[in-house]
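Coordinates in review
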Amino acid sequence: MAKKYDLQEVEVLDGNVAMTHALRQAQVDVLPAYPITPSTKIVELFSQFCADGYVDGEFIRVESEHAAMSACVGASAAGARVATATASQGLAFMIEVLYQASGMRLPIVLCLSNRALAAPLNVNGDHSDMYLARDAGWIQLCSFEAQHSYDLALMAFRIGEHVDVRLPVVVNQDGFITSHTAENVHMIPDEKATAFVGELEVVNSLLDNTKPITYGVQTEENWHFEHKARQHNDLLESKSHIKKVFEEFNEKFGREYKIVEQHKVDDADMVIVCIGSTFNTSSLVVDNFREKGIKVGVIAPRVLRPFPYEEFAEALKDTKVVACLDRSSPNGAVGMLYNEISGALINNEKTPIISNYIYGLGGRDVTIELLSSVFNDLTENLKAGKLTHKVQQMLGLRGPKCEYFGEKG
Amino acid sequence: MEKLLGWDEILPGACLFAFGEEIKENVAQTPRDSRKYSDNNSHQAHVSDWRVTKPVFNVDHCINCQFCWVYCPDMSIISKDKKMIEVDYDHCKGCGICAEVCPTPVKSLMMVEEFKSEEETLAAWPEKKKKEAK
Amino acid sequence: MLEIRWHSRAGQGAVTGAKGFAEVVSHTGKEVQAFAFYGSAKRGAAMTAYNRVDDKQIINNEKYMEPDYVLVLDPALVMSDSIILNHKESTTYILGTNLTRDEVLEEAPFLKGKRIHTVDCMKISLNTIGRAIPNTPMLGAFMKVSQMLPIEEFKEDMKLSLKKFPQKIIDANMDAISQAYGEVS
């Protein structure tokens, strides 16, 4: 029986430590990991929890991230509650097995402290790894602050492990910004948190000798499509279950999470769409503009996959100008959020003017000044009734102005 | 002060040149101080103020085993013709690995406080134990 | 909102100091933030850490800061003009140095006309803790200068923050805090 951890109601923790407490309270059975900045602390602290008797589960040192995710797959298929943590190049090295995990419908929880991808080598935060994993068939949850990292990591087990879902879950947090900023985090006492997560309902265990089973069989053109379609369907349907878990969490612990998080979007003429900690800083900027009587808002997906198409379509149905902020180099295209949001809004009765900003790559500071400049651009668009610049711009970049796609208004 | 370049000025490929110009001479035969390192070569970045303690070298005890040269993580042990010459104090960060791996009975490298002078340290160096007379 | 920037060398405990401070302040019901700039920084390299304190939740995640207080742990960094980056008129400096105020101003003329306090944190930490970790003495000095919390209350809370350490180390840190509180000028 694991020892009880002495927690105060409010702890000052960074996102990594907060997430690790969630893993401890979920009493993860197996955590195979290969530590990488900025997620290292999760691995380090979990192994310490194991060594100190705060977790009954097992920490497995592996030889690479590929091996880490492979061990996750094995342990999860055997019927264990499984988690791991990684970032950046580590996630990139896991990619092959990420598809295996989702295809085998294994409810692994992956704590991802988002970091840029090399080259150039960079340890700081952007969403390149989050975007890299976005088509891998995992549920993706996004934290904006350490409190969310903790809460979402707890909820991730409930979401992924549900028998109707049975899908792996990524919990994203901004590397160094959320992962390393210590702030007030309201903790749930061990017994309540553990009870909330509950026992893992084992499905088709590899170790069940009464029903020997093979995972990840070969399928060619006569079977493959149906498997992938089923997985896609179940991933989309997981949204209703995610909502239920969010609601139950709110009832029990009084913290509200929504599929799409909004700040003053309802009557806004102009809205920024972004992911992660930028939502929080943007909310501050929104309040500054509102004081000047300018109707702006900010919206962000809490759940990136399944993508909240309907929620965005509804929330932005009356918005006149929208800027989609992508924190990952799109490398030859418009940013992912621009694509997804345009797709979500294109079948509405009215569609807003939509622009795309690439920002914050490799940890470039996302300042109030920069975010204010976006709203200033949007104000110009609103006045002109059309784009006054090309579709895509780089925000906070040194050198001549970079803008792409479409002619200027 | 580091000059920050714009996106249109950087060298594609996340590359940096080691030398400021094309090398025509045999660099290995050129004294270190005469080599034309480029401004962004890490050789130009001095880290002496990172140190709390520094290694002091005592040639009298050294057997030129080259352990310090092999283990130094910052190439701050200057060795020529397999003979230990000196410590490069511009690039030594004071990690102490050289002194740790030094195998001589009385160490040939010792870590001392940064402010202590070399003369003072050498003067106070521990003595070799004399072999006891039978 | 109160904003603090720490200038330190990696290994001198600025991050631990900033987090310890944040924890103590959180016990008074305040909302806090503690973060640092990380690069491929190694022990000894100059680095900065940051605190924000407010009555309501801090949602500002920008690294840009115009600090109310600048705390400098390493004597050599006092001479670097990066410590006055993004300063404002009211910025108060607590400089960890063995020099007197006048000697500092002679060495670092850019500090003339600024609100300056000095304390030899390094000496205090070597004398009490026995290692060059000047973070807790700096916090003692900060308590004196800012009058943020009564020193005894601060020390009691700091003991909780340090509870994972052996009693000897906790006592040494308490000594360091008291000495710096008394000596800062």
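Everything numeric here is computed off the predicted structure, so don't read it as measured data. (Residues numbered from 1 in each chain as written. Chains lettered and ligands numbered in written order. Predicted model: local features only at pLDDT ≥ 70, side-chain atom pairs only at ≥ 80, totals over all residues.)

Digging into the overall build of chain B
- The secondary structure content of chain B amounts to 3 helices and 4 strands.
- Helices and strands appear in chain B in the N-to-C order β-α-β-β-α-β-α.
- The C-alpha atoms of chain B give a radius of gyration of 19 Å, which is well past the 14 Å a tight globule of 134 residues would have.
- Its C-alpha atoms give chain B principal-axis dimensions of about 75 × 30 × 25 Å.
- By residue count, 18% of the 134 residues in chain B fall in the buried class.
- Long-range contacts, defined as pairs at least 24 residues apart, comprise 55% of the intrachain contacts of chain B with a sequence gap of at least 6. (Helix = DSSP H or I, 4+ residues; strand = E, 2+ residues; numbered from the N terminus. Rg over C-alpha atoms; globule rule 2.2 N^0.38 Å. Buried ≥ 20, exposed ≤ 12 C-beta atoms within 10 Å, placed from the backbone. Contact = placed C-beta atoms within 7 Å.)

So, the packing of helix H9 (residues 277-291) of chain A against helix H12 (residues 368-384) of chain A
All names here are of chain A.
- At a closest axis distance of 10 Å, the pairing of H9 and H12 adopts a crossing angle of 60°. One element, H9, and the other, H12, form an angle in the oblique class. Crossing of H9 over H12 shows right-handed handedness. Counted together, Thr281, Ser282, Leu284, Val285 and Phe289 of H9 and Ile368, Leu371, Ser372 and Phe375 of H12 form the full contact between these two elements.
- Among the residues making up the contact of H9 with H12, the classes are represented as 6 nonpolar, 3 polar and no charged. (Axes fitted to C-alpha atoms, helices over the stretch in contact; angles between N-to-C directions. Parallel < 35°, antiparallel > 145°, perpendicular 65-115°, else oblique. Left-handed = near helix turned anticlockwise from the far one by under 90°. Nonpolar A, V, L, I, M, F, W, Y, C, P; charged D, E, K, R; others polar.)

Quick notes on the interface of chain A and chain C
- The partner chain C presents 18 residues to the 19 residues of chain A that form the contact.
- Looking at the side of chain A that touches chain C, the elements with two or more residues in it are strand S1 (10-13), strand S8 (182-186) and H9 of chain A.
- For the side of chain A that touches chain C, the element with the most residues is H9 of chain A, which contributes 5 residues.
- For the side of chain A that touches chain C, the per-class residue count stands at 9 nonpolar, 8 polar and 2 charged.
- Relative to strand S2 (residues 31-36) of chain C, S8 of chain A runs antiparallel, the two sharing 2 bridges. Across the sheet, Glu183 of chain A pairs through a bridge with Gln33 of chain C, a residue of S2 of chain C. (Pairing = 2+ DSSP bridges.)

Points about the nonpolar core
- Judged by nonpolar contacts, the single largest core of 172 residues is most densely connected at Ala153, Val171, Val271 and Val273 of chain A.
- Sort the elements by how many residues they give to this core and helix H6 (residues 146-161) of chain A lands first, with 9 residues.
- Each of domain 1 (10-253) and domain 2 (261-404) of chain A gives at least three residues to this core.
- Leave out the neighbours within four places in its chain, and Val171 of chain A touches Met19, Val109, Cys111, Leu112, Leu141, Ser143, Ser149, Leu152, Ala153 and Ala156 of chain A.
- Grouped together as the second largest cluster of nonpolar side chains are 14 residues, Phe67, Cys68, Cys72 and Met84 of chain B included. (Core = buried A, V, L, I, M, F, W, Y, C linked by C-beta atoms within 7 Å. Domains from an automatic or database assignment.)

Side note on the sheet that holds S8 of chain A
- Here we have 8 strands laid out as an open sheet, ordered S1(A)-S8(A)-S2(C)-S3(C)-S1(C)-S4(C)-S5(C)-S6(C), and mixed in their pairing. Two strands bound the open sheet, and with one partner strand each, they are S1 of chain A together with strand S6 (115-119) of chain C. Between one strand and the next, the sheet's axes are offset by a mean angle of 20°, whatever the strand orientation.
- Across the sheet, H6 of chain A lies against S1 and S8 of chain A, angled at about 45° from S8 of chain A, the strand it touches most.

Description of the interface of chain C and chain B
- Contact with chain C, which involves 6 residues of that partner, is made by 7 residues of chain B.
- In terms of residue class, the side of chain C that touches chain B is made up of 3 nonpolar, 1 polar and 2 charged.

Some details on the pairing of strand S1 (residues 2-9) of chain C
All names here are of chain C.
- Counting buried residues in S1 gives 7 out of 8 residues, a clear majority hidden from the surface.
- In this sheet, strand S3 (residues 46-54) lies alongside S1 in antiparallel orientation, the contact comprising 8 bridges. Note that in S3 the partner of Glu3 across the bridge is Arg52.
- As defined by bridge partners, S1 adjoins strand S4 (residues 69-72) across 4 bridges and the pair is classed as parallel. Paired with Arg5 across the bridge in S4 is Val70.

Description of the sheet that holds strand S4 (residues 83-86) of chain A
All names here are of chain A.
- What the 5 strands build is an open sheet, ordered S4-S5-S7-S6-S12; its pairing is mixed. Two strands lie at the open edges of the sheet, namely S4 and strand S12 (303-305), each paired on one side alone. Averaged over all pairs of adjacent strands, the angle between strand axes in this sheet comes to 25°, irrespective of strand direction.
- Both S4 and strand S5 (residues 109-114) contribute to a ladder of 4 bridges, which runs parallel. Pairing of Thr84 across the sheet is with Leu110, part of S5.

Quick look at the domain arrangement of chain B
- Segmenting chain B into domains produces domain 1 (8-45) and domain 2 (47-115).
- Taking only C-alpha atoms into account, the centre of domain 1 of chain B sits 25 Å from that of domain 2 of chain B.

Looking at the pairing of strand S3 (residues 58-61) of chain A
All names here are of chain A.
- Pairing analysis gives 4 bridges linking strand S2 (residues 30-33) to S3, with the strands arranged parallel. Bridging across to S3, Ala33 finds its partner in Arg61.
- A crossover connection joins S2 to the parallel S3 through helix H2 (residues 40-51); in handedness this β-α-β unit is right-handed. (Right-handed = clockwise from strand over helix to strand, strands pointing away.)

Re the environment of Val32 of chain C
- Positionally, Val32 of chain C belongs in strand S2.
- With 25 C-beta atoms packed within 10 Å, Val32 of chain C lands in the buried category.
- Excluding residues that lie within four positions of it along the chain, Val32 of chain C makes contacts with Val12, Glu183 and Asn184 of chain A together with Ala22, Val25, Ser26, Asn51, Arg52 and Val53 of chain C.

Focus: unusual backbone geometry
All names here are of chain A.
- A cis amide bond, omega 0°, links Ala118 with the succeeding residue Ala119.
- For Ala119, the position within the fold is in the loop between S5 and helix H5 (128-132).
- In this structure, Pro306 follows Arg305 across a cis peptide bond, with omega equal to 0°.
- Here Pro306 shows up in the loop between S12 and helix H10 (309-315).
- We note that Gln27 has phi near 50°; this positive angle belongs to a residue other than glycine.
- Residue position: Gln27 is located in the loop between helix H1 (15-25) and S2.
- We classify Gln27 as partly exposed; it has 19 C-beta atoms within 10 Å.

Side note on the packing of H6 of chain A against helix H8 (residues 224-253) of chain A
Residues and elements named next belong to chain A.
- Across the interface, H6 lies against H8 with an axial gap of 10 Å and an inter-helix angle of 130°. Taken as axis vectors, H6 and H8 run oblique relative to one another. The way H6 lies across H8 gives a crossing that is right-handed. Taken together, the residues of H8 that come into contact with H6 (itself represented by Asp151, Met155, Arg158 and Ile159) are Ser238, His241, Ile242, Val245 and Phe249.
- Split by residue class, the contact of H6 with H8 holds 5 nonpolar, 2 polar and 2 charged.

Quick word on the domain arrangement of chain A
Residue and element names in this part refer to chain A.
- The domain architecture assigned to chain A consists of domain 1 (10-253) and domain 2 (261-404).
- Of all the elements in the fold, those that place two or more residues in the side of domain 1 that touches domain 2 are H5, strand S6 (139-142), strand S7 (169-174) and H8.
- The element contributing the most residues to the side of domain 1 that touches domain 2 is H8, with 5 residues.
- When its residues are assigned to classes, the side of domain 1 that touches domain 2 shows 12 nonpolar, 9 polar and 5 charged.

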